[in-house]
Amino acid sequence: MDSLPIEVRNLEKSYRRKLGLSSFKAVDSLSFELHTGEILGFLGPNGAGKTTTIKCILGLLRPSKGYVRLWGDVPGSGKVRRRIGYVPENPDYEDIFTPLELLDMFASMRRLETGRKEHLELLERVNLSGWESVRLRNFSKGMRQRVSLALALQSRPDLLVMDEPTGGLDPVAMKEFRDVILEENRRGASIFLSSHLLSEVEAVCHRAIILSKGRKVAEGTMEDLLRTEDRFVITYRPPGGDASSEPLEKEVPEAVLQETIDELRREGCFIERVNPLYRSLEEVFLSATESAGGGK
Ligand code: ATP
């Protein structure tokens, strides 16, 4: 079996403060893993340490303490680099190139076999047909992000690392990006997705981690994160009610769940279902980051 695509253990990254000699921990005692085939969401307020963590994962920054392993190997090694596709927060390619020229250049740098036909297909996949030979200086932010997605997908990576890939995209483009993420995951890629878009994370991720002030403040499957521990919703129909009308709902704490059901039955109500109460990811995010003291 393949080892973990990402393993982060007790990661700490300190930066020097702008003024003075003291340093602060942008990432502190962070441990987590990404399993093969998983889509893991990475959330946190501005300045929480997400990009710093991603740079450590990519081998662009050296941890102050702890370590990162990718399939058991050190980040940045040629062996793991070939298996990773990276979509940066702010794609920064030279304006004088066209998407096709960039794909050609990246293919030769990465020693890929891909040629013009594959590159045109890739650009079609990210919805840039007709723009293949236009210089990037004419591209909007969202179009540059599509170029960076094409470059990340070019090597059919085993791991896609995405740092806020949909910032600046319109809703249609966001949906297309999301579809590509799901297609890539179905192809077999594991995905590490840092995003401020909670609805996007909720829609595509299997699991999520919430970071605040460099520390992990929540982690779990979407089901575990969204499910409240101790509140339930009873859906029921009162006696003599019209079968075609909407059923009623009652939200109760677990401590009185059984007695409420008994009481409703005694009143002649028909209990349709009892479900745990789910919160939105936004509620989970706000409560986890607020109890950790907010953002920066
Ligand atoms: P955002 O959501 O705004 O992109 P983030 O979660 O990605 O934020 P980071 O960019 O990792 O956060 O920054 C974490 C902290 O480290 C912030 O306080 C930031 O100002 C600081 N920081 C980041 N890079 C450096 C650097 N090169 N030198 C000094 N401080 C830095």
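Cut-off values and rules
Residues numbered from 1 in each chain as written. Predicted model: local features only at pLDDT ≥ 70, side-chain atom pairs only at ≥ 80, totals over all residues. Heavy atoms only, no water. Helix = DSSP H or I, 4+ residues; strand = E, 2+ residues; numbered from the N terminus. Contact = heavy atoms within 4.5 Å. Patch = residues over 30% accessible without salt bridge, like charges linked within 9 Å, V, L, I, M, F, W, Y side chains within 5 Å. Areas by Shrake-Rupley, 256 points an atom, 1.4 Å probe, with all protein chains shown as cover. Salt bridge = Lys/Arg side-chain N within 4 Å of Asp/Glu carboxyl O. Lys, Arg positive; Asp, Glu negative; His and termini not counted. Charge placed at Lys NZ, Arg CZ, Asp CG, Glu CD. Buried < 20%, exposed > 50% of the residue type's maximum accessible area, 1.4 Å probe, protein only. Near = heavy atom within 4 Å. Polar contact = N/O pair within 3.5 Å; in protein donor to acceptor, adjacent residues only side chain to side chain. Nonpolar A, V, L, I, M, F, W, Y, C, P; charged D, E, K, R; others polar. Core = buried A, V, L, I, M, F, W, Y, C linked by side-chain atoms within 4.5 Å. Arc of directions from axis to C-beta.

Brief notes about the side chain of Arg 146
Link 1 in the chain: Mapped onto the secondary structure, Arg 146 falls in helix α5 (residues 141–153).
Link 2 in the chain: Residue contacts for Arg 146: discarding those within four places in its chain leaves Val 126, Asn 127, Leu 128, Ala 173, Glu 176 and Phe 177.

As for a negative patch on the surface
Link 1 in the chain: A contiguous patch of negative charge, built from Asp 224, Glu 229, Asp 230 and Glu 254, is present on the exposed surface.
Link 2 in the chain: Checked against the element boundaries, Glu 254 lands in the loop between β11 (248–253) and α9 (257–266).
Link 3 in the chain: The partly exposed category is assigned to Glu 254, whose relative accessible area is 45%.

Quick look at the site of the ligand
Link 1 in the chain: Around the ligand, 15 residues are found, and the nearest of them are Gly 47, Lys 50, Thr 51, Thr 52 and His 196.
Link 2 in the chain: In the model, an oxygen atom of the ligand is placed 3.4 Å from a nitrogen or oxygen of the Glu 89 side chain.
Link 3 in the chain: One of the side-chain nitrogen or oxygen atoms of His 196 is found 2.9 Å away from an oxygen atom of the ligand.
Link 4 in the chain: Relative to its unbound accessible surface of 630 Å², the ligand loses 66% to contact with the protein.
Link 5 in the chain: Breaking the shell around the ligand down by element, the ones donating at least two residues are β2 (23–34) and α1 (50–58).
Link 6 in the chain: With three residues, α1 is the largest single contributor of residues to the shell around the ligand.
Link 7 in the chain: Partitioned by chemical class, the residues of the shell around the ligand number five nonpolar, six polar and four charged.

Observations concerning the pattern of salt bridges
Link 1 in the chain: Tallying each qualifying case throughout the model produces 23 salt bridges.
Link 2 in the chain: With a closest N to O distance of 3.9 Å, Asp 28 and Lys 25 form a salt bridge.
Link 3 in the chain: Of the residues examined, Asp 28 reaches a relative accessible area of 11% and is grouped as buried.
Link 4 in the chain: Residue classification places Lys 25 among the partly exposed residues on the basis of a relative accessible area of 42%.
Link 5 in the chain: Glu 38 is the salt-bridge partner of Arg 207, the closest N and O atoms lying 2.5 Å from each other. Here Glu 38 lies in the loop between β2 and β3 (39–43) and Arg 207 lies in strand β8 (residues 207–212), a separation of 169 residues in the sequence.

Regarding the nonpolar core
As a rule of thumb, soluble globular proteins bury nonpolar side chains together.
Link 1 in the chain: By size, the foremost hydrophobic cluster in this structure holds 45 residues, and its most contacted members are Leu 43, Val 147, Leu 149, Met 162 and Leu 281.
Link 2 in the chain: Tallying contributions element by element places α5 first for this core, with seven residues.
Link 3 in the chain: Ignoring any residue separated from it by four or fewer positions in sequence, one finds Met 162 in contact with Ile 54, Val 87, Leu 149, Ile 181, Ile 191, Phe 192, Leu 193 and Ser 194.
Link 4 in the chain: Among the nonpolar cores identified, the runner-up in size contains 24 residues, and Cys 56, Val 68, Phe 192 and Ile 209 belong to it.

Looking at helix α4 (residues 116–125)
Link 1 in the chain: Those residues of α4 not exposed but buried are His 119, Leu 122 and Leu 123. The arc enclosing the buried residues of α4, seen along the axis, measures out at 95°, which places them on a common side. What points out from α4, more than 90 degrees from its buried face, is the exposed set Lys 117 and Glu 124.
Link 2 in the chain: Elements that come into contact with the buried residues of α4 comprise α3 (99–109) and α5.
Link 3 in the chain: Directly beyond the C-terminal end of α4, a positive phi value near 65° is found at Asn 127.

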